[in-house]
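Breakdown of the fold
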Amino acid sequence: MNKQTIITALFALVAMVGQAQTKTATITGYSPALKDGTLVIVGAGNLGNIVDSVKAGHFTLTIPVEELTVGTLGCFGEGCPNLSFSLMLKPDVTVKLTGTDCLYPLWKVESPVPEQQTLNRMTEHCRDVMMEFIQIEQSRDRVRLDSINMVLMKKEMDILTSLPVDAASISKLSNIARMLKNMKDFPYVEQIKNLEKSFAARAPKGFEDQLAEIHAYVYPPKLLRVGDKYIDAELFDIQGGKHRLSEAFSDGRYVLLDFWGIGCGPCMMAEPEMREVYERMKGKLEIVGINQNTRSQWQKHEFSKRIVWKNWSDGKMGSSINGRYCDEGAIPYYVLISPEGRILWKVVGYGGIGWFFGMAEAINGPKQDNSSNLGFVVRHVEANADGTKVSFRNYTKKGYWFRIAKDSYLTANGKKYKLTAADGIKLDVDNYPEVNAFTAKEDYIGEINYSDFTLTFQPFETIPETFDFIEGDVQGAFVIRNISLK
């Protein structure tokens, strides 16, 4: 299977979106240990920008910023850890990084920005644990890495009580509090609650949105599940006009909620395919983009201005609505809601090119739950005494392959029905979709192709209302559940 590297995707994302900002901050760095050609990538409330590669140990990056911003920097090259770390960026300010090795998260950071001093104090306090974290990360020992990450977060929480409440410390607390959403049995819940209360009491004006987001992580509202009725919410468009989520449910349309953020590469990678599907599904599908950034970041960014569907925000960085719909504190997060207002499926990430084409097929075809692999969909079912024929379509990027196991089966009424024949594909071998569905201008998407094929199974003893398709009893198998025969 052909797959794109992270570096290629980052270059493509930079090319995709222009920057509206005119003010800049500068980052300079030097370490004699950095190899020539090492890529230095920085994000600053928007897309990552690959501005420079290392030459003779030096690099310089010019970053568009309109205001004080929490940025991230990472290096991709020999000897560099697979990590990024935070910097405070401000218009007309130069941040200087220096080190003697490739462990850039521990380098000396010189800056006139007071909030950078907050980050520097945290780094010094956690230096020993961060060094151990980097060493374990390079060994790829996932179990030990998870363990040391908890130690690092505990040490960060310990020093947060003595740090100023500013953009840097609030950002750090938000990152830690997000773990309450992503991790069961988080061991430091009470400490986070105390920090949240202390920060809310001590914070200066201007951080209401960020504090609301932290509060929503610490005291989450009841989470909506698949099958639940959607809950209405007040939202704002990019001009500041007020809206209700319920406005999207008109004329019997399905509604796709797209929780996204500036600086989220997969969010923006999904946009060309979503845009094409949105145009093809006019009158049947409404998309509501719900931004997770501050109002100013969202309103000023060029990507926001190119969105063709409902481009809304709750004005609180998603804190009032994200916690109701999203199981994880990660984006992109997608929620599909039926015309009757019932949640059909929820999924995190843009994990497969062709997902939204498959979603459209599912909306137009038999009712089904294909959220385990959105690009793989049932288009038609014919069940009679001779057998059950199921017509499938699989969307994926050109050059990608898929397999269907010969031991696939259907389940209904507590019984299994074996696969007896296949038409249009070969079983247990690589199949490459060759029919073009969509050619995107963006290289990292390229062509989306599809394959149509039919599988025949043993006849049902009694025709059920719904059945499941299982592509063999192995991990990672295609599964489509609740396929309707009505």
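This text follows the structure it describes.
Residues numbered from 1 in each chain as written. Predicted model: local features only at pLDDT ≥ 70, side-chain atom pairs only at ≥ 80, totals over all residues. Heavy atoms only, no water.

**A closer look at unusual backbone geometry**
Rules: Secondary structure elements follow DSSP: runs of H or I no shorter than four residues count as helices, runs of E no shorter than two count as strands, and numbering proceeds from the N terminus. Relative accessibility thresholds used throughout: buried, under 20% of the residue-type maximum; exposed, over 50%; partly exposed, between the two (1.4 Å probe, protein chains only).
Going from Ile 331 to Pro 332, the amide bond is cis rather than trans, its omega being 0°. For Asp 92, which is not glycine, the phi torsion reads 65° and is therefore positive. By the secondary structure assignment, Asp 92 is in the loop between strand S6 (85-89) and strand S7 (94-98). Overall, Asp 92 belongs to the exposed group, its relative accessible area being 71%. Positive phi, normally seen in glycine, also occurs at Asn 482, with a value near 55°. Note on placement: Asn 482 falls in strand S23 (residues 479-484).

**What to know about the pattern of salt bridges**
Note the cut-off: Within this document, salt bridges are pairs made up of a side-chain nitrogen of Lys or Arg and a carboxyl oxygen of Asp or Glu, the two lying within 4 Å of each other.
In this structure the tally under the stated criterion is 24 salt bridges. Between Arg 253 and Glu 286 there is a salt bridge, and its shortest N-O distance comes to 3.2 Å. With Arg 253 in the loop between strand S10 (242-244) and strand S11 (254-260) and Glu 286 in strand S12 (residues 285-291), the pair connects residues that are 33 residues apart, well separated along the chain. A salt bridge links Arg 379 to Asp 452; the shortest N-O distance between them is 3.7 Å. Of this pair, Arg 379 sits in strand S16 (residues 376-384) while Asp 452 sits in strand S21 (residues 447-457), and the two are 73 residues apart along the sequence. Judged by relative accessible area, which is 36%, Asp 452 ranks as partly exposed. The structure contains a network of salt bridges with shared partners spanning Glu 361, Arg 379, Arg 393 and Asp 452.

**With respect to the sheet that holds strand S9 (residues 234-237)**
Formally: Here, strands pair whenever DSSP counts at least two bridges between them. For helices, the fitted line uses only the C-alpha atoms of the stretch in contact; every axis is such a line through C-alpha atoms, and the angle between N-to-C directions lies from 0 to 180 degrees. Contacts between residues were defined by any pair of non-hydrogen atoms, one from each residue, lying within 4.5 Å.
Spatially, the seven strands line up as an open sheet ordered S10-S9-S13-S12-S11-S14-S15, and their pairing is mixed. Across the chains shown, the open sheet's two edge strands, defined by having one partner strand only, are S10 and strand S15 (343-348). Strand-to-strand twist in this sheet, taken as the mean axis angle between neighbours without regard to direction, amounts to 30°. Along the sheet face, helix H9 (residues 271-280) touches S11, S12 and strand S14 (333-337) and points at about 145° away from the line of S12.

**Considerations on the packing of aromatic side chains**
To keep it simple, the criterion reads: Paired rings are identified among Phe, Tyr and Trp, the last through its six-membered ring, by centres lying within 6.5 Å, and are further divided according to the angle between planes into stacked (under 30 degrees), edge-to-face (over 60) and tilted (the rest).
Scanning the model with the defined rule gives 23 aromatic pairs in all. Ring geometry for Tyr 334 against Phe 356: centres 5.1 Å apart, planes inclined by 80°, an arrangement best described as edge-to-face. On the criterion of sequence distance, the pair formed by Tyr 334 in strand S14 and Phe 356 in helix H13 (residues 355-364) is long-range, its members being 22 residues apart. For Tyr 334, a relative accessible area of 0% gives the class buried. With centroids separated by 5.6 Å and ring planes inclined at 55°, the aromatic side chains of Tyr 395 and Tyr 450 adopt a geometry described as tilted. Here the residue Tyr 395 occupies a position in strand S17 (residues 387-397), and Tyr 450 occupies one in strand S21, the gap between them amounting to 55 residues.

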